[in-house]
Amino acid sequence: MRFTELDFDKQTLAGISSAGFTECMPVQETALPVSLTGSDIMVQSKTGSGKTAVFILTFLEEYLKHRRSRCLIIAPTRELAQQIEGDAKVLASGIPEIRCGCFYGGVGYDRQVKLLKQGCTVNVGTPGRLLEFMQDGSLDPKSIDTFVIDEADRMFDMGFYHDIKKIFRMLPDRTKRQTMLFSATLEVKVRELAWEYMNEPQVIELEPDTVTVDKISQELYHVAKSEKFTLFLQLLAVAKPSSALVFTNSRHITEELAARLRYNGYRADYISGELSQRERDTALKNLKEGAISILVATDVAARGLQIDNLPLVVNYDVPEDYENYVHRIGRTARAGKSGRAITLADEEFVYGLEAIENYIKMKIPVIWPENLPEVTDLSVGKSWKIRGNGKGLSNNSHSTDKLHNTKQQKQKIVRKDVVRPTENKSVHKVPARRNLGSMTEEERIAYYKERYGFIEKKVQPEKKHIEPALKDEDAKDLSREKKPGFFARLFRRFK
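One structure accompanies this document, and this report is about it. From a predicted model like this one, the values you see are computed outputs, not experimental measurements. (Residues numbered from 1 in each chain as written. Predicted model: local features only at pLDDT ≥ 70, side-chain atom pairs only at ≥ 80, totals over all residues. Heavy atoms only, no water.)

## Side note on the pairing of strand 3 (residues 100–103)
- The two faces of strand 3 match: C100 and C102 on one face and G101 and F103 on the other face are all buried.
- Sheet topology note: the strand 3/strand 4 (residues 122–125) ladder contains four bridges and is parallel. Looking at the pairing, G101 lines up with N123 of strand 4.
- Following the backbone out of strand 3, through helix 5 (residues 109–118) and into the adjacent parallel strand 4, one traces a crossover that is right-handed. (Buried < 20%, exposed > 50% of the residue type's maximum accessible area, 1.4 Å probe, protein only. Helix = DSSP H or I, 4+ residues; strand = E, 2+ residues; numbered from the N terminus. Pairing = 2+ DSSP bridges. Right-handed = clockwise from strand over helix to strand, strands pointing away.)

## Description of helix 12 (residues 277–289)
- For helix 12, built from 13 residues, the straight-helix expectation of 18 Å at 1.5 Å per residue is met to within 8% by its first-to-last C-alpha distance of 18 Å.
- Buried residues along helix 12 sit against helix 4 (78–91), strand 9 (244–247), strand 10 (268–271) and strand 11 (294–297).
- Just beyond helix 12, the residue with positive phi is G290, at close to 85 degrees. (Expected span 1.5 Å × (residues − 1). Contact = heavy atoms within 4.5 Å.)

## Structural notes on the pattern of salt bridges
- Under the defined criterion, the tally for this structure stands at 13 salt bridges.
- Between D346 and K228 there is a salt bridge; the shortest N-O distance is 2.7 Å. Here D346, found in the loop between strand 13 (339–345) and helix 14 (353–360), pairs with K228, found in helix 10 (residues 228–239); they are 118 residues apart in sequence, far enough to count as distant. One exposure class covers both D346 and K228, and it is buried. (Salt bridge = Lys/Arg side-chain N within 4 Å of Asp/Glu carboxyl O.)

## Things to note about the nonpolar core
- Of all hydrophobic cores here, the largest spans 41 residues; its most connected members are I41, L57, L60, I73 and I98.
- When residues of this core are traced back to their parent elements, those giving at least two are helix 2 (26–35), strand 1 (41–44), helix 3 (51–66), strand 2 (71–74), helix 4, strand 3, strand 4 and strand 6 (178–183).
- By residue number, the principal contributor to this core is helix 3, which donates nine residues.
- The contact partners of L57, leaving out residues within four places of it in the chain, are F3, F8, T12, I16, L32, L36 and L91.
- V113, C120, Y161 and L181 belong to the second-largest nonpolar core, a separate cluster that totals 32 residues. (Core = buried A, V, L, I, M, F, W, Y, C linked by side-chain atoms within 4.5 Å.)

## Looking at the packing of aromatic side chains
- The final tally for this structure, using the stated rule, is eleven aromatic pairs.
- Aromatic side chains F229 and F232 sit 6.4 Å apart centroid to centroid with 65 degrees between the ring planes, which places their arrangement in the edge-to-face category. Within this pair, F229 and its partner F232 are both found in helix 10, separated by three residues, close to a single helical turn.
- On the basis of relative accessible area, F232 is assigned to the buried category, the value being 2%.
- Following the ring pairs from residue to residue traces out a cluster consisting of F103, Y109 and F133.
- Of note, K228 hangs over the ring of Y316, and the distance from its end group to the ring centre comes to 4.4 Å. (Phe/Tyr/Trp six-rings, centres within 6.5 Å; stacked < 30°, edge-to-face > 60°. Lys NZ or Arg CZ within 6 Å of the ring centre and 35° of its normal.)

## Notes on the pairing of strand 10
- A two-sided burial pattern is seen for strand 10, the buried positions comprising A268 and Y270 on one face and D269 and I271 on the other.
- Bridge analysis of strand 10 against strand 11 gives four bridges, and the strand direction is parallel. Note on strand 11: the bridge partner recorded for I271 is A297.
- Regarding topology, helix 12 serves as the crossover connection from strand 10 to the parallel strand 11, and that connection is right-handed.

Below is the structure:
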């Protein structure tokens, strides 16, 4: 089916043309004829299937009928919210009065409030921030007549279930709004929400038994953890991808892997939950514009990222959550294109494979690393930090790498001697802690004496002239000198 067959308004068709859409994808062909009638819909569709166009185009047609409609779209992550806003701006480009706004935490609150006051027709954001605006009156929930929940199952996994219910209760009655819910899986919790808050939604399930994208070429390599990075470099040398997204299971490995890739000559960066929104946006923008070719990410980026022409996704670590495997590899082969997904299974994360293969109902083809080129890892024996003092990356890919010898780095974390003043204000160095259980009683007493600054011969403090009026803290100090401390009494007991 072509979009021109759906009797869209000419202004909507202008936006569709700007987006380069001509033929409907399966979810669009199935869901649009239903949603355009004003019915509530609950859609099960895999990631990258083109469902964003369904709810955006449905709302635009509703707006052109009444010229007063407002839409609220909630998404689980900032990245997905930004992507939806970008798609909405393109599809609404034929309707000048449409104004889009994106709202999420981690950035300036006042700037977003100002944007709301200016008036937004399409409001996209994460549940927490949108709920804040509704509760403080910045966003009037009663003005919403189109409500969209995207990636509902992921939303519940992230703990937003109760926030979504609060938002539902603040909106107009179910009969006075259109609600569209999209989810990769229509689990019980999703259906319960639909039954409770939606108006007799029509259920649309596309390819419910096909979890992964058919056009993704999946490969699995078994490798020792100590040899994994070298194999990764070899695979990159063969593939030579124009762009690639690499997933790890932890934030520190994400930063380390990006730095090692940069040191080996690749234009790489990373994103994780600990970075500011500005840094994450910059990294994504650099990948999309070709400023970098490899982006390393934690699962915070597994959903919501839409990168055109992404040929390669690499699971540097096998995901610990089997569903995340699907969301990771779904970043490639979007909009009907083909892609490649490589998974490196080491001895630490290999045990997650069984659950993944049960979930996708297939065995990932195992590839033996043969006839690969020899590579030299230039990051061996080095440690690093890409970003320092909260500053972003510079244009020179190596200028911000702080490389140190591993032995020197380890020396920095050894506990330094504590310096404490004794009664005569002389300096006494205290050794690091020792295992007291292995000491004799005499050794423990000697250790306590040495550690806490006690010496055999008591040093008399110098006599000073004391002014008649003493400060409270000075009086306290004098009172302490009149009676022995706890450890002094403890040592007397030992003697």
